[in-house]
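Chain residues, written in single-letter form:
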Amino acid sequence: MIGRTISHYRILANLGGGGMGVVYKAEDTRLGRTVALKFLPENLSQDQQAVERFRLEARAASALNHPHICTIHDIDEHEGRQFIVMELLEGQTLKHRIEGQSLDAGLIAKLGMQLADALDAAHSRGIVHRDVKPANIFVTERDEVKLLDFGLAKLVHPVSELTVTGSLTEALAIVGTLPYMAPEQLRGQKVDGRSDIYALGVVLYEMRAGQRPFTETQAAQLIDDILHKPPPPPRRLSSDLSPRLEEIILKCLEKDPTNRYQAAKEVDADLGQLTSPVAPTEPRSGHASRSGLRKAMLACALVVIAFSILATVSFSLRPRIENWLGSIRLPREKQVAVLPFNVVGGDPKSQAFSDGLTETLTAKLTQLTTDRSLQVVPAAELRAKGVKTADDARKEFGVNLVLEGSLDKSGNLVRINYALVDAGTRRQLRAETITFAASDPFALQDEVVSGAVQMLKLEVSANLRESWRSSDTQVAGAFDYYLQGRGYLQEYDKAENLENAITVLERALSLDSNFSLAYTGLGQAYWMKYVASSDTQWIKPARDACERALDLDAKLAPTHICLGTLYSGSGNYGRAVSEFERAIELEPTNDDAYRGLASAYERLGAPDQAQKTYRRAIELRPHYWAGYSWLGAFYYRQSRLAEATEMFKQVTALAPDNIRGYSNLGAVYVDQGLYVEAIAVLERSIAIRQTYGAYSNLANAHFYLRRYEQAVGAYKEAVKLKEKDYVVWWNLGDGYYWAPGQRAQSNHAYRQAISLANDALRVNSRDAYALGVVAICHAMLGEREPAFVYLQEGLQFAPNDADLHFKAALVYNQFGETTQALGWLEKALAEGYPTATVLNTPNFDPLRSDQRFAELVHRKSLTP
């Protein structure tokens, strides 16, 4: 096969193979990259069960975009043989790396953490590997792990490293490789992620000891040893093995799954502690910053005694903590996400308090981002994207550090465990535990903020630190309710949370009627009720609350943002500008203020001022990707595609693991007709994390290149990720309509799009975009009357919308009304609609012979 070109892959070399596949090195001639092609062996090509299991590997692995799992690019067929396209790896398998030798403890911890992280990613998606072994673990030349072979050897022909007869294998229904199988696998019992953890334990044992824990070569005896014999302590074979690493290995190898680690991330965390001294885990107590609270605590002697002991422990450990922190190098550019703390027991009130605490922590850290080495993802951005794990934060926002933790409330005590984690490796860099009285939320917040600053090695001015410790309330109960209210507002899309937020914020104000920030939160909650319901009764109480907050304290940026949001939302853009400008003066790092100000200018019809606002945000923090992303989106809305391209390129340069930069850059490339470039960056985005938007734009690029079958495949992936979205169903309908032999399937997709768009119109009957989509879908179905009814209604609501004018051209063209179609196309192009999209939309192919079509496209190409 060497030298042959299959699809768009040129075979370069044979890399080897085994019972489940032959692997070749190949060049992707379309994208100019080197890949690996894995073919199903010829003798299995006619075995339908083998073919299906081969496909299972592709489906399983492609669902796991993770740095330590081999990336699957595609699955295809050539002359009846299935093949998978995957990333090409340079290095060797762990099996060859070990070859009877032991590895040093540091490397074992590093590789083990990466493996545990990969397994955690798989298990979180409901995928159990069931064949973890050194031969399925690849180690690159940079000592980076790649986990291989999901769904092959474990399912088709289990290949033991021993001489195991087929009859024995079949009788025991063995699925996996015998020496690495957990006892429950051998018994034919149900397996889960803990079975992979057992195999991980065998691998860790072998890496250090140079051999597996059970070395019997006869299958029957080996099975008996795994089921009944305790594994020999690995220190017998490696005397310099640390007791802690031995403890981790043996816990993985527990025969009863309930006694093993219950999740791979627990193995990851424990191995991470081997690379640095363990952080102190004794509960700490801080001092209340308000004298009134100190006096109140003196009334309870037992609590005072307990907290005095804890405080003594804290201060005696402080020098050790500092030395430990100093031994770990943080990245020079710190891009941080503060994840919502988990609440032990799941109490809703405690969860709301915890969410409010993490939001205020995020806001305070953001005030330090004038230091160009620090960037912090806004809490609202994390919530909007549903980001709750370090891996998601890295993929969604490109962060390299994450603060995560847990909160446990018991009686009048609150304990918080929190840690700084490397987002790429999931290695825990620093950790802290604090314990406070629940009646002192001030001190709790102060200590969490102080600890986070210390973990990140940040400098805080005396004035800023003092402002953090102050509050516009001195009532602990009011502050507690306020934090709960802020937490409920983090999940404002749930109607009950808005009600809960209003309730607890009103309680805060009943305890302290001069609490400005509580009024700000209340105003925000009322405004969100208006946005959610379109019921104007909520506008006045929202405005009253925001104005009351401003009367009480005009020096708080959130009070001005509160009013600015209301003014902007009700069309008073001039006053919105004034409020947002004042917020920026008070808090120059506030993302909400910059975005609100730019949006108000844009709606005022002052795009130059909007652009200047985004530039101000970039100048303040030139190393923060978000400002470039905002400006890129602004340029995109203004049809300034070349400038948008440069901004999104800057995003990918500053945050190379951030899917937004690649996805947005791909969308801009599509509008510019740069489809090959679009496909490359969109595939990069998907490799980091599969998203609806990236798949949809990838499909569009294939569609305009007339690769309709590839477009259909990508549209179907987008539908899986967002099945209630009418736009992708419309696009899928177009893909089927133009794909050879698939037009009949377009009817169902168009019907789905119409149904879902009508659901959206029941919420907002003036949605011109949805009306246009419904019109097009009816037109593609040949239904003239409803097509024009929906189109005219949309044009009534948005008479100057370029996108809707393009849709009008599609509708008229579909019914052969060429003159009207050309008229709407001319309007769309004059208003900035992409020329490339017009030229490459197959619906307009019949117009290419019309001189009028050529002239209007030519005129547009001459327009600067």
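All figures in this text were calculated on a predicted structure; none of them were measured in a lab.

K.L.:
Looking at this structure, how should I read the overall build of the protein?
P.N.:
A count of helical and extended segments in the protein gives 38 helices and 15 strands. Burial status across the protein gives 55% buried among its 864 residues. Only carbon and sulfur atoms are counted for the fraction: they give 49% of the accessible area of the protein, which is about 36700 Å².

K.L.:
Is there a simple way to explain unusual backbone geometry in this structure?
P.N.:
A negative phi holds for most residues other than glycine; trans holds for most peptide bonds. You will see that S639, though not glycine, has its phi angle at about 60 degrees, which is positive. As for its position among the elements, S639 is in the loop between α25 (625-637) and α26 (641-654). The class for S639 is partly exposed, based on a relative accessible area of 36%. Positive phi, close to 65 degrees, is recorded for R706, a residue that is not glycine. Summarising the element assignment, R706 is placed in the loop between α29 (692-704) and α30 (708-721).

K.L.:
Can you help me understand the pairing of strand β5 (residues 72-78) in this one?
P.N.:
Taken together, the 6 bridges between β5 and strand β6 (residues 81-87) define a ladder with antiparallel strand orientation. Bridge pairing links I72 to M86 in β6. Counting the residues that bridge the hairpin from β5 to β6 gives 2 residues, and of these E79 lies at a positive phi of roughly 50 degrees.

K.L.:
Any chance you could explain the packing of helix α12 (residues 348-366) against helix α15 (residues 441-455) here in plain terms?
P.N.:
Each pair of packed helices can be described by the angle between their axes along with the distance between the axes. α15 packs onto α12 with a crossing angle of 50 degrees between their chain directions and a minimal axis gap of 10 Å. It follows from the interaxial angle that α12 and α15 lie oblique. Relative to α15, the crossing made by α12 is right-handed. Of the residues in α15, those touching α12 at F353, L357, T360, L361, K364 and L365 are P441, L444, Q445, V448, V449, A452 and V453. Split by residue class, the contact of α12 with α15 holds 10 nonpolar, 2 polar and 1 charged.

K.L.:
What am I meant to see in the state of the cysteines here?
P.N.:
Covalent bonding between the sulfur atoms of two cysteines is what defines a disulfide. The full count for this structure, using the stated rule, is 1 disulfide. The disulfide that involves C546 links it to C562, with 1.8 Å between the sulfurs. With the S-S bond torsion at -45 degrees, the cross-link from C546 to C562 turns out left-handed. Here C546 is found in helix α20 (residues 539-552), whereas its partner C562 is found in helix α21 (residues 557-569), with 16 residues between them in sequence. Each member of the pair, C546 as well as C562, is classed as buried.

K.L.:
Help me out: how do you make sense of the side chain of D671 in this one?
P.N.:
Tracing the chain through its elements places D671 in helix α27 (residues 659-672). In contact with D671, not counting residues within four places along its chain, are Y636, L641, P834, A836 and T837.

K.L.:
Explanation requested: the pattern of salt bridges in the structure shown.
P.N.:
A side chain with one charge can pair with a side chain of the opposite charge if their charged atoms come near. One pass over the structure, following the stated rule, counts 32 salt bridges. Ionic pairing is found between E817 and R784, a salt bridge with its closest N-O pair at 2.6 Å. Of this pair, E817 sits in the loop between α35 (802-814) and α36 (818-830) while R784 sits in helix α34 (residues 784-797), and the two are 33 residues apart along the sequence. Overall, E817 belongs to the buried group, its relative accessible area being 15%. Taking the relative accessible area as the measure of exposure, R784 reaches 42% and is therefore partly exposed. Several salt bridges converge on common partners, so that one network encompasses D28, R33 and E683.

K.L.:
It is not clear to me how α15 should be interpreted in this structure. Could you clarify?
P.N.:
The periodicity of an α-helix, 3.6 residues per turn, causes residues three or four positions apart to be oriented the same way. Its 15 residues give α15 an end-to-end C-alpha distance of 21 Å, which sits within 8% of 21 Å, the value for a rise of 1.5 Å per residue. Taking burial as the measure, the 15 residues of α15 include 14 buried ones, the bulk of the element. Just downstream of α15 lies K457, where phi reads positive at about 55 degrees.

K.L.:
Even after reading the chapter, I still don't get the sheet that holds strand β7 (residues 91-93), so can you show me in this structure?
P.N.:
As a general point, the strands of a sheet are linked pairwise by backbone hydrogen bonds and lie either parallel or antiparallel. Across the sheet, 3 strands lie side by side as β7-β8-β9; this open sheet has antiparallel pairing. The sheet is open, and its two borders are formed by β7 and β9 (145-147), each paired with just one other strand. With direction set aside, neighbouring strand axes in the sheet form an average angle of 25 degrees. Relative to β9, strand β8 (residues 137-140) runs antiparallel, the two being bridged by 3 bridges. Residue pairing in the sheet places F138 in a bridge with K146 of β9. Each of β8 and β9 touches helix α3 (residues 105-124); the most contacted strand, β9, lies at about 35 degrees to it.

K.L.:
Honestly, the packing of aromatic side chains in this entry has me stumped. Any pointers?
P.N.:
The geometry of an aromatic ring pair is captured by two quantities: the separation of the ring centres and the angle between the planes. All told, the structure shown has 18 aromatic pairs when counted by the stated rule. Where F703 meets Y704, the ring centres are 5.6 Å apart and the plane angle is 80 degrees; that geometry is what we call edge-to-face. Side by side, F703 and Y704 carry an identical accessibility label, which is buried. Here the guanidinium or amino end of K251 rests over the ring plane of Y261, the centre of that ring lying 4.4 Å away. Across the ring face of W538, the terminal group of K529 is positioned such that the distance to the ring centre comes to 4.7 Å.

K.L.:
Which parts of the structure should I look at to understand the pairing of strand β10 (residues 334-338)?
P.N.:
Residues in a regular strand project their side chains so that they alternate between the two faces of the sheet. Across the 5 residues of β10, 5 count as buried, placing the element largely inside the fold. Pairing between β10 and strand β12 (residues 374-376): 3 bridges, direction parallel. Bridge pairing in β12 links Q335 to Q375. Bridge analysis of β10 against strand β13 (residues 401-410) gives 3 bridges, and the strand direction is parallel. Counted as the bridge partner of V338 is L403 from β13.

K.L.:
Just to check I follow, could you spell out the nonpolar core for this structure?
P.N.:
Within the largest apolar cluster, 194 residues are counted, with the highest numbers of intra-cluster contacts made by L365, L368, I416 and F515. Top element by residues in this core is helix α33 (residues 768-780). It accounts for 10 residues. The contact partners of F515, leaving out residues within four places of it in the chain, are D472, T473, A478, F479, Y482, A508, L509 and L552.

K.L.:
In this structure, what is going on with the confidence of the model for the protein? I would like to understand it.
P.N.:
Low-pLDDT portions of the prediction should not be read for the details of their coordinates. Counting all residues, the mean pLDDT for the protein is 81, and 86% of those residues have values of 70 or more. With pLDDT under 50 throughout, residues 151-174 is counted as low confidence; its partners more than four residues away or in other chains account for 51 contacts.

What counts as what
- Residues numbered from 1 in each chain as written.
- Predicted model: local features only at pLDDT ≥ 70, side-chain atom pairs only at ≥ 80, totals over all residues.
- Heavy atoms only, no water.
- Helix = DSSP H or I, 4+ residues; strand = E, 2+ residues; numbered from the N terminus.
- Buried < 20%, exposed > 50% of the residue type's maximum accessible area, 1.4 Å probe, protein only.
- Areas by Shrake-Rupley, 256 points an atom, 1.4 Å probe, with all protein chains shown as cover.
- Pairing = 2+ DSSP bridges.
- Axes fitted to C-alpha atoms, helices over the stretch in contact; angles between N-to-C directions.
- Parallel < 35°, antiparallel > 145°, perpendicular 65-115°, else oblique.
- Left-handed = near helix turned anticlockwise from the far one by under 90°.
- Contact = heavy atoms within 4.5 Å.
- Nonpolar A, V, L, I, M, F, W, Y, C, P; charged D, E, K, R; others polar.
- Disulfide = S-S within 2.5 Å.
- Salt bridge = Lys/Arg side-chain N within 4 Å of Asp/Glu carboxyl O.
- Expected span 1.5 Å × (residues − 1).
- Phe/Tyr/Trp six-rings, centres within 6.5 Å; stacked < 30°, edge-to-face > 60°.
- Lys NZ or Arg CZ within 6 Å of the ring centre and 35° of its normal.
- Core = buried A, V, L, I, M, F, W, Y, C linked by side-chain atoms within 4.5 Å.
- pLDDT = per-residue confidence, 0-100.

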